[in-house]
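Survey of secondary and tertiary structure
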Amino acid sequence: MISRENLKRVIVPQNMRFTLHEETVPRSILKDIADLSGTPHVLIITGLRRAGKSTLLKQINENLFSSKNTYLNFEDEKLLSFTTEDFSAVQETFLELNDRVEVVFFDEIQNVDKWEIAVRKFHNEGLKVIITGSNASLLSKEFGTKLTGRHLNIVLYPFSFREYLVFREIELSENDFYLPEKIVHLRKEFNSYFEKGGIPEYLKYEREEIIKQIYEDILIKDIIVRYGISDERSFRELARLLISNVGKLFSYTRLKANLGFGSMNTVKSHIAFMENSYLLFQVEKYDTSLKRQIINNKKVYCIDNSFLNLVSFETTVNLGRKLENIVFVELKRRKYTIHYHREKFECDFVLSLKNRVAGVIQVCYQLDNDNMAREINGIVEAVTLYQLKEGLILTMDQEEERSTNGISIHVLPVWKWLLR
């Protein structure tokens, strides 16, 4: 058991830093959290390591609550021996340090085994509980059982392009889309975002070691140690191979054979671990049959372009696939269900909302004579099959309107679409 005195040595300095005002980039997700903050539910914020969850908690504290709050980050090395039984001492220490506690923030709580039992206890006693974690296993069936109907889930992604512009202290107005000098400036900033991605700490210091260390922490702390992976070499090869091939089709069977895994289930579970840690995302082919969706080949995308540049096998990742990766992550931010289309032709993204196809998107770095027919045929086939009226092709820099067989096709630069 950790003594209350030792807990104070952790809690007091942490709360001093937590309440210290700092100028940070306001996260757009704050609007969603504001809508949910008045509910009686436990709020669970998950996302990639170092995507800004701790900073977001500070923003929530400053902007949404005026009551007595307290904070505890479980990544502190002084809490390595912390167990579920120590939560009682935490509650007593919170009350000893504060006259009243109404909101409790727990950061990276997945480091404590059976933490959900303690969270339920705090919740049952009338406290507002907001927690973060860098592993989607926080949303496991076990937790759903402990707090059935009493928790709401929120995912934080790295900076969007709009947030990146705020970080760069660039103000944006509607007129900027029509002023040549502003357009040139926005294109230049997007080129930088295209290469660097949106992980706040990396953008602040621009040290490649930061991305490489985040990657190592995900692999080792969040996956290899947590899930007891014994064949570390094969697991690392799988991770790098997938990151090197974003936007490409793959099959579990082929990965098993190429990397020498003992079973296809091992490949499936390893990829699921990477999804739980928000490093990678799988995308299935759109099909009205769930069974066919499951057995068809998959595509994979990465949480941030910085990983494509710094941990991939390839020295130069295909520009079109990097652009496609940015679009995918933005679609996740916008809460679409995402599939790919592949029949006679292929279309990159089929977007669904509430089990209804809401749109289709093709991504192409540059439309030219070599790829024009393929890209147009893919979007027209998808628009026709899903009974839509229009489709969208996103490019690096082209903008035009087309009409094919009565179907409207909008061609738009990704940077402009990101800001809409």
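Structure: see above.
The text that follows walks through the structure, step by step, so that each part is easy to find. (Residues numbered from 1 in each chain as written. Predicted model: local features only at pLDDT ≥ 70, side-chain atom pairs only at ≥ 80, totals over all residues. Heavy atoms only, no water.)

Quick look at the packing of helix α2 (residues 30–37) against helix α3 (residues 53–64) now. Relative to each other, α2 and α3 sit at 55°, their axes nearing to 11 Å. Relative to α3, the element α2 lies oblique. Crossing handedness for the pair α2 and α3: right-handed. Along the contact surface, α2 presents Leu30, Ile33, Ala34 and Ser37, while α3 presents Leu56, Gln59, Ile60, Asn63 and Leu64. Looking at the contact of α2 with α3 residue by residue, the classes come out as six nonpolar, three polar and no charged. (Axes fitted to C-alpha atoms, helices over the stretch in contact; angles between N-to-C directions. Helix = DSSP H or I, 4+ residues; strand = E, 2+ residues; numbered from the N terminus. Parallel < 35°, antiparallel > 145°, perpendicular 65-115°, else oblique. Left-handed = near helix turned anticlockwise from the far one by under 90°. Contact = heavy atoms within 4.5 Å. Nonpolar A, V, L, I, M, F, W, Y, C, P; charged D, E, K, R; others polar.)

In this section: the sheet that holds strand β13 (residues 400–404). Ordered by their spatial adjacency, nine strands build an open sheet running β6-β8-β7-β9-β10-β11-β12-β14-β13, and the pairing between neighbours is mixed. The outermost strands of the open sheet, each flanked by one partner alone, are β6 (249–250) and β13. Sheet analysis places strand β10 (residues 346–353) next to strand β11 (residues 356–363), joined by five bridges and oriented antiparallel. Each bridged residue has a counterpart across the sheet, and for valine 350 the counterpart in β11 is valine 360. Along the sheet face, helix α13 (residues 264–276) touches β6 and β7 (280–285) and points at about 120° away from the line of β7. (Pairing = 2+ DSSP bridges.)

For the rest of this paragraph, the subject is helix α16 (residues 319–333). With 15 residues, α16 extends 22 Å between its outermost C-alpha atoms, agreeing within 8% with the 21 Å of an ideal straight helix rising 1.5 Å per residue. Among the 15 residues of α16, twelve are classified as buried, and the element is accordingly described as predominantly covered. Residues Gly320, Arg321, Lys322, Leu323, Glu324, Asn325, Ile326, Val327, Phe328, Val329, Glu330 and Leu331 constitute the buried set of α16. Just downstream of α16 lies lysine 335, where phi reads positive at about 70°. (Expected span 1.5 Å × (residues − 1). Buried < 20%, exposed > 50% of the residue type's maximum accessible area, 1.4 Å probe, protein only.)

In spatial order, the strands read β2-β3-β4-β1-β5; together these five strands make up an open sheet with parallel pairing. On the outer flanks of this sheet lie β2 (69–73) and β5 (151–156), each paired with one strand and no other. Along the sheet, successive strands turn relative to each other by an average axial angle of 15°, direction set aside. Docked against the sheet, helix α5 (residues 115–124) engages β1 (42–47), β3 (103–107) and β4 (128–133), running at close to 155° with respect to β4.

On to the side chain of asparagine 325. For asparagine 325, the location among the structural elements is in helix α16. Residues in contact with asparagine 325, not counting those within four places in the same chain, are Val246, Tyr301, Cys302, Asp304, Asn305 and Leu308.

This part covers the pattern of salt bridges. Tallied over the full model, the rule gives 30 salt bridges. We note a salt bridge from aspartate 397 to arginine 187, for which the minimum N-O separation is 3.0 Å. Here the residue aspartate 397 occupies a position in the loop between β12 (390–395) and β13, and arginine 187 occupies one in helix α8 (residues 180–196), the gap between them amounting to 210 residues. For arginine 187, a relative accessible area of 32% corresponds to the partly exposed category. (Salt bridge = Lys/Arg side-chain N within 4 Å of Asp/Glu carboxyl O.)

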